[in-house]
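# Close look at the chain arrangement
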Amino acid sequence: MRVVLLGPPGAGKGTQAQIIAARLGVPAISTGDIFRANVSGQTELGQQAKTYMDAGDLVPDAITVAMVKDRLAEPDAKGGFLLDGFPRTIAQAEQLRESLADLGQELRRVLELVVDEEELVRRLSGRRVVVDGQMVQRDDDKPETVRHRLQVYREQTAPLSGFYESEGLLSRIDAIGEVEEVTARALKALGVDDAGQPSSD
Ligand code: AMP
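This write-up is about the structure you can find in this document. Values in this document were obtained by computation on a predicted structure and should not be read as measured data.

## Details of the overall build of the chain
Each helix and strand counted, the chain has 9 helices and 7 strands in total. In summary, the chain has a C-alpha radius of gyration of 16 Å against a globular reference of 17 Å for 201 residues, a match within 12%. On the principal axes, the C-alpha backbone points of the chain span a range of 45 × 40 × 35 Å. By sequence separation, contacts in the chain at least 24 residues apart represent 71% of the contacts at least 6 residues apart. Accessible surface, the chain: about 10,500 Å² in total, of which carbon and sulfur atoms supply 49%. Side-chain charges in the chain split into 24 positive and 33 negative, and the spacing between the mean points of these groups amounts to 1 Å.

## Focus on the packing of aromatic side chains
Counting across every chain of the model gives 1 aromatic pair. With a centroid separation of 5.0 Å and 85° between ring planes, the pair formed by Phe-163 and Tyr-164 is classed as edge-to-face. Each member of the pair, Phe-163 together with Tyr-164, is buried.

## Digging into the pattern of salt bridges
Using the criterion set out here, one finds 13 salt bridges in the structure. The partner of Arg-71 in a salt bridge is Asp-76, with the nearest N and O atoms 2.8 Å apart. Judged by relative accessible area, which is 40%, Asp-76 ranks as partly exposed. Here Glu-117 and Arg-154 are joined by a salt bridge, their closest N and O atoms 2.7 Å apart. Here the residue Glu-117 occupies a position in helix H6 (residues 117–126), and Arg-154 occupies one in helix H7 (residues 143–157), the gap between them amounting to 37 residues. For Glu-117, a relative accessible area of 37% corresponds to the partly exposed category. On the basis of relative accessibility, which here comes to 45%, the residue Arg-154 falls in the partly exposed class.

## Focus: the site of the ligand
Taken together, 15 residues surround the ligand, and among them Thr-31, Arg-36, Asp-57, Gly-85 and Gln-92 come closest. A distance of 2.8 Å separates a nitrogen atom of the ligand from a polar atom in the side chain of Thr-31. Coverage of the ligand by the protein amounts to 96% of the 480 Å² it exposes when considered alone. In terms of residue count, helix H2 (residues 31–40) provides more of the shell around the ligand than any other element does, 4 residues in total.

Parameters at a glance
- Residues numbered from 1 in each chain as written.
- Predicted model: local features only at pLDDT ≥ 70, side-chain atom pairs only at ≥ 80, totals over all residues.
- Heavy atoms only, no water.
- Helix = DSSP H or I, 4+ residues; strand = E, 2+ residues; numbered from the N terminus.
- Rg over C-alpha atoms; globule rule 2.2 N^0.38 Å.
- Contact = heavy atoms within 4.5 Å.
- Areas by Shrake-Rupley, 256 points an atom, 1.4 Å probe, with all protein chains shown as cover.
- Lys, Arg positive; Asp, Glu negative; His and termini not counted.
- Charge placed at Lys NZ, Arg CZ, Asp CG, Glu CD.
- Phe/Tyr/Trp six-rings, centres within 6.5 Å; stacked < 30°, edge-to-face > 60°.
- Buried < 20%, exposed > 50% of the residue type's maximum accessible area, 1.4 Å probe, protein only.
- Salt bridge = Lys/Arg side-chain N within 4 Å of Asp/Glu carboxyl O.
- Near = heavy atom within 4 Å.
- Polar contact = N/O pair within 3.5 Å; in protein donor to acceptor, adjacent residues only side chain to side chain.

Laid out in structure tokens, this is it:
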């Protein structure tokens, strides 16, 4: 099962990615998490990515695509994966399709988490994450950066919805409601039951 989770910042992609991937028995691969780990580890990749991330801009496609290719080549991703936060541009989507085709693989489905913008701003400005045991606000969740990230999403990432729709891969999921309700909608769109097995209806 190869799945992409699409949606604006604050739509709950990270939370849903963890739950859905666990049900499907595939790794959840978050490009944002990989970048953040590299920034804290002060690797060369982290240094390259940091300026873009702090500004709420996308890391250039060449850097991001190379990183994802390496990650998808790891053994745990051979049997499937759930991508969270990638692709984020049409160019990334095209490169993903090519890399998968080279391996004789293709995406099963793209789930787009849909939340209106007012709700996103509300969620993001209140969001806190745990770093070294402390609840802190992510630098890129500051109000000015949030607005910019939403604009970047509208301009560069939202077109992916039409791209995957025209390929017949897109399912739009209403992402307002309790976490379990949203998970249930996503699993239904994937045609699997609560335990990640193909559903009979
Ligand atoms: P996220 O945790 O998915 O919100 O990602 C945090 C930041 O990482 C984004 O604002 C971008 O700067 C960078 N990033 C994550 N995924 C990508 C991607 N697919 N392409 C470019 N930049 C990305």
